[in-house]
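So the chains spell out like this:
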Amino acid sequence: MRHIIGAEQFTRRTLDELMKSARSFEKGKQNIIKDKILATLFYEPSTRTRLSFESAFIRLGGSVISTENAKEFSSAAKGETVEDTMRVINHYADVAVIRHCDAGMVARAAAVASIPVINAGDGPGQHPTQSLLDLYTIYRELGHLDNLHLTLVGDLKHGRTVRSLCYLLGNYTNISLTFVSPPELAMNDDIKTHLSEQGITFHETTSLEDGIKDADVVYMTRVQKERFRSDEEYQALKGRYVLTRALVDSMKEKSIIMHPLPRVDEIQEAVDTSPKAVYFKQAAYGVYMRMAILKYVLE
Ligand code: NCD
């Protein structure tokens, strides 16, 4: 049985297969699943991840059951453990997509699951399916995944999407990374160690201007408000980096700007009309990649 828990589980070969499969769904091949049920269980807010998984499963021909505010509306509110919840969902669905507020909790659910479990974000841990759709976006927009310079900007400490993306990038050749963040929100050592082991060079800076000028991909993230102990701490760090139209014009001509969304204030709306801005397309590509992911775990 295949679970998707962390991005480190993927090999280049599987990534190639998923990319190919997403492309075929984008070209129109759909409706390949019958009589299957997807359960989505979200203990944290979501718009894109939950709805795109549900849209993907329905497009494949399946049906969906869902609890969108599982922290309050599932039996977790009564004190049920994630393991007991999973032991029950095992009998209600054929695949489960789970988002949890704490790192490691989706893995705990998977440990007692008799159906495939997909991690849709576990606190500040990982968000592997977002990084798969991020790769697919780069592939579709730039045409290749090797020989790239990516600049990751913002809350690299708590941002689970950038953490998962770094794991996936370990599968590609001639990748260089620039991390732009305040020192308080710098990328954690676990990821840096992994990158070094994979032979990926990375460079850290606090300057957005310097960080973006040679990048093929600028990946913006929001400061993860919900991960701070106090509002003061958050207020002190938010709004530090704002991508303006002038900054975008200083980027390489054939570069792209990505963001997992939701955006707060880190990309000005004036940037949206730039041909480099692909963040809404990125959300759209997500449906095709999630169709590929669902097919992969059900195979
Ligand atoms: C991200 C997440 O939930 O980690 N959103 C998403 O899934 N597209 C990014 C974020 O919330 O900042």
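In this text, all values refer to a predicted model and were calculated from it rather than measured experimentally.

1. Considering helix H1 (residues 12-26)
In this model, H1 (15 residues) spans 21 Å end to end at C-alpha, consistent with the 21 Å of a helix rising 1.5 Å per residue. Turning to H1, its buried residues are Thr14, Leu15, Leu18, Met19, Ser21, Ala22 and Phe25. Down the axis of H1, the smallest arc covering the buried residues is 165°, so these residues share one side. In H1, the exposed positions that point more than 90 degrees away from the buried face belong to Arg13 and Lys20. Where H1 is buried, its residues meet helix H6 (128-142), helix H7 (160-169) and helix H12 (279-298). Two residues or fewer past H1, Gly28 is found with a positive phi of approximately 125°.

2. A look at the site of the ligand
Surveying the vicinity of the ligand reveals the residues Thr49, Arg99, His127, Gln130, Arg160, Thr161, Arg222, Gln224, Pro260, Leu261 and Pro262. A distance of 2.8 Å separates an oxygen atom of the ligand from a polar side-chain atom of His127. At 3.2 Å, a side-chain N or O of Gln130 approaches a nitrogen atom of the ligand. Coverage of the ligand by the protein amounts to 94% of the 320 Å² it exposes when considered alone. Partitioned by chemical class, the residues of the shell around the ligand number three nonpolar, five polar and three charged.

3. A closer look at the side chain of Asn119
Within the secondary structure, Asn119 sits in strand E4 (residues 117-122). A relative accessible area of 0% means that Asn119 is categorised as buried. A distance of 3.0 Å separates a polar atom in the side chain of Asn119 from the backbone oxygen of Ile5. For Asn119, the residues in contact, after removing those within four places along its chain, are Ile4, Ile5, Ile98, Val106, Gln126, Pro128 and Thr129.

Definitions and cut-offs
Residues numbered from 1 in each chain as written. Predicted model: local features only at pLDDT ≥ 70, side-chain atom pairs only at ≥ 80, totals over all residues. Heavy atoms only, no water. Helix = DSSP H or I, 4+ residues; strand = E, 2+ residues; numbered from the N terminus. Expected span 1.5 Å × (residues − 1). Buried < 20%, exposed > 50% of the residue type's maximum accessible area, 1.4 Å probe, protein only. Arc of directions from axis to C-beta. Contact = heavy atoms within 4.5 Å. Near = heavy atom within 4 Å. Polar contact = N/O pair within 3.5 Å; in protein donor to acceptor, adjacent residues only side chain to side chain. Areas by Shrake-Rupley, 256 points an atom, 1.4 Å probe, with all protein chains shown as cover. Nonpolar A, V, L, I, M, F, W, Y, C, P; charged D, E, K, R; others polar.

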